[in-house]
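Letter by letter, the chains look like this.
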Amino acid sequence: MRVLYDTMYGEFYRVLIKKGFTADRADLSARLFADASRDGVYTHGLNRFVKFILSMEKGCVDIHAEPVLKEAPGILERYDGKGGPGNLNAHFCMKRAIELAKKQTIGCVSLSGTNHWMRPGNYGLMATEENCIGILWTNTIPNMPPWGGKDAKLGNNPVVFAIPNGDTPVLVDVAMSMFSYGKLESYARSGRELPVDGGFDSDQKPSKDAKEILKTRQCMPIGYWKGSGLSLALDLIASALAGGRTSRQVGELSAESQLSQVFLAISLDTLQDKDAILAEIEKTLKDIKETVPMSEERPVYYPGENMMKTRQENLDQGIPVDEEIWNQVLGM
């Protein structure tokens, strides 16, 4: 089943207005959710919208709260998200980081006390649209064991790297687990097997069964011990810069909230050799595209390239939706 972008955005907007959002905040939030599905990140678009509404109804999200500046030591600005909507808080902080980068080349904004930011790639793309490099990450509730362990002590702590490249920027948007929990839930609903091992089953064996991994909560970190170490580092840096909670402290709460996040923007416009930088980015990506593919059926894409193809297809043909979840939204 496919749904037109404007229809999806309109339904999100309708629900958010009914739930008490002001018109401008409903517009931005609805657009961020719809943009995620438009670009093929269905797990953090439509599929996440229902969870977002449930978290509001449980009192985890203050729909009227906005980030408040706590302090500005040096080039860093630290904000308290006040439990506001995660996507609106993240949009605010990325926008502020870009503003700072335009003045001083590098803008760094940290955020504590916020909620799930939905699709982080949205904020990386904000940076590339302003000819900035974007680097941003968050911690999460503990949902991944450290390498060699059984208990979920680490977050899968997604990180984004976004690099300008005309109409098709480079966008790396990855969790520290092989699959995000949203992706695992999507595979579990459809009954499909994961393409590679994504975690461990109840017998401690590597598994491609999403349902089993959701049951054990033993996701496999990317790069095994390397992803485990990266997860811990991202968590500690985010909490330190934000003056907020670590994943361990988030796990002490009744729900995934009070997260710590970091937003970095680096303006290429302030650099004298910006044209040479952009030219080299283009040459490097062209060189990657000239790689001989292992299979003729699967061409080589650089991160972000396939997203733009998906975006155009979904705008032309409509966005694929899980019919059950879409009907839940229609019924709200």
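Heads up: the structure comes first, above all this text.
Residues numbered from 1 in each chain as written. Predicted model: local features only at pLDDT ≥ 70, side-chain atom pairs only at ≥ 80, totals over all residues. Heavy atoms only, no water.

S.K.: What is the right way to read the overall build of the chain from this model?
M.R.: The secondary structure content of the chain amounts to twelve helices and eleven strands. By the compact-globule yardstick of 20 Å for 332 residues, the chain fits well, its C-alpha radius of gyration being 20 Å. Reported as C-alpha extents along the three principal axes, the dimensions of the chain are approximately 55 × 50 × 45 Å. The 332 residues of the chain split such that 50% are buried. Sequence-distant contacts, at least 24 apart, represent 64% of the contacts inside the chain between residues at least 6 apart. When the accessible surface of the chain is split by element, carbon and sulfur atoms take 52% of a total near 15800 Å². (Helix = DSSP H or I, 4+ residues; strand = E, 2+ residues; numbered from the N terminus. Rg over C-alpha atoms; globule rule 2.2 N^0.38 Å. Buried < 20%, exposed > 50% of the residue type's maximum accessible area, 1.4 Å probe, protein only. Contact = heavy atoms within 4.5 Å. Areas by Shrake-Rupley, 256 points an atom, 1.4 Å probe, with all protein chains shown as cover.)

S.K.: It is not clear to me how a nonpolar patch on the surface should be interpreted in this structure. Could you clarify?
M.R.: Taken together, the side chains of W147, Y224 and W225 define a hydrophobic patch exposed on the protein surface, amounting to about 370 Å² of accessible area. With respect to the element layout, Y224 can be found in the loop between α7 (210–216) and α8 (225–242). (Patch = residues over 30% accessible without salt bridge, like charges linked within 9 Å, V, L, I, M, F, W, Y side chains within 5 Å. Salt bridge = Lys/Arg side-chain N within 4 Å of Asp/Glu carboxyl O.)

S.K.: How should I be thinking about the pattern of salt bridges in this particular structure?
M.R.: Note on pairing: side chains with opposite charge can pair once their charged atoms come close. Enumeration according to the criterion identifies 19 salt bridges in this entry. Its salt-bridge partner being D39, residue R119 comes within 2.8 Å of it at the nearest N-O pair. Of this pair, R119 sits in the loop between β4 (106–114) and α5 (121–129) while D39 sits in the loop between α2 (23–38) and α3 (46–57), placing them 80 residues apart in sequence. Across this residue pair, the class does not change: R119 and D39 are buried. One salt bridge in this structure joins K274 and D269, with 3.5 Å as the shortest N-O distance. K274 gets classed as partly exposed once you look at its relative accessible area, which sits at 27%.

S.K.: Even after reading the chapter, I still don't get the sheet that holds strand β2 (residues 68–71), so can you show me in this structure?
M.R.: Working definition: the strands of a sheet are paired by backbone hydrogen bonds and lie parallel or antiparallel to each other. The strand order across the open sheet built from seven strands is β2-β3-β4-β10-β5-β6-β7, with neighbouring strands paired in mixed fashion. The open sheet has two edge strands with one neighbour each: β2 and β7 (170–174). Pairs of neighbouring strands in the sheet enclose a mean axial angle of 15°, with direction left out of account. Here strand β5 (residues 132–138) pairs with strand β10 (residues 259–267) via seven bridges, running antiparallel. Within β10, the position partnered with W137 by the bridge is V262. Helix α4 (residues 86–104) rests against β3 (76–80), β4, β5 and β10 of the sheet, and its axis sits at about 160° to β4. The sheet strands contacting α5 are β5, β6 (159–163) and β7, and the helix crosses β5 at an angle near 160°. (Pairing = 2+ DSSP bridges. Axes fitted to C-alpha atoms, helices over the stretch in contact; angles between N-to-C directions.)

S.K.: Please clarify how the nonpolar core should be interpreted in this entry.
M.R.: Side chains of a nonpolar character, in soluble globular proteins, are inclined to be buried together. M8, F12, F52, M94 and F263 are the most contacted members of the largest nonpolar core, which has 52 residues in total. Sort the elements by how many residues they give to this core and α4 lands first, with eight residues. Not counting chain neighbours up to four residues away, the residues in contact with F52 comprise L16, F21, S29, F33, V61, P85 and M118. In terms of nonpolar packing, the next biggest core, distinct from the first, is built from 20 residues, Y187, A210, I213 and L234 among them. (Core = buried A, V, L, I, M, F, W, Y, C linked by side-chain atoms within 4.5 Å.)

S.K.: How do you make sense of the packing of aromatic side chains when you look at a structure like this?
M.R.: The geometry of an aromatic ring pair is captured by two quantities: the separation of the ring centres and the angle between the planes. Throughout the structure, instances matching the rule amount to 13 aromatic pairs. Each ring, one from W117 and one from Y123, has its centre 6.0 Å from the other, and the planes form 40°; the classification is tilted. Exposure remark for W117: the relative accessible area of 2% places this residue in the buried category. One aromatic cluster is present, built from ring pairs that chain together F12, F21, F33, F49 and F52. (Phe/Tyr/Trp six-rings, centres within 6.5 Å; stacked < 30°, edge-to-face > 60°.)

S.K.: Where do I start with the packing of helix α1 (residues 5–18) against α2 in this structure?
M.R.: How two helices pack is summed up by the angle between their axes together with the distance between the axes. The geometry of α1 relative to α2 is characterised by a closest axis approach of 8 Å and an angle of 140° between their N-to-C directions. Between α1 and α2, the interaxial angle falls into the category oblique. As for the relative orientation of α1 and α2, their crossing is right-handed in sense. Residues Y5, M8, Y9, F12, Y13, L16 and I17 of α1 form the contact with α2, whose participating residues are A23, A26, D27, S29, A30, R31, F33, A34, D35, S37 and R38. Tallied by class, the residues present in the contact of α1 with α2 amount to twelve nonpolar, two polar and four charged. (Parallel < 35°, antiparallel > 145°, perpendicular 65-115°, else oblique. Left-handed = near helix turned anticlockwise from the far one by under 90°. Nonpolar A, V, L, I, M, F, W, Y, C, P; charged D, E, K, R; others polar.)

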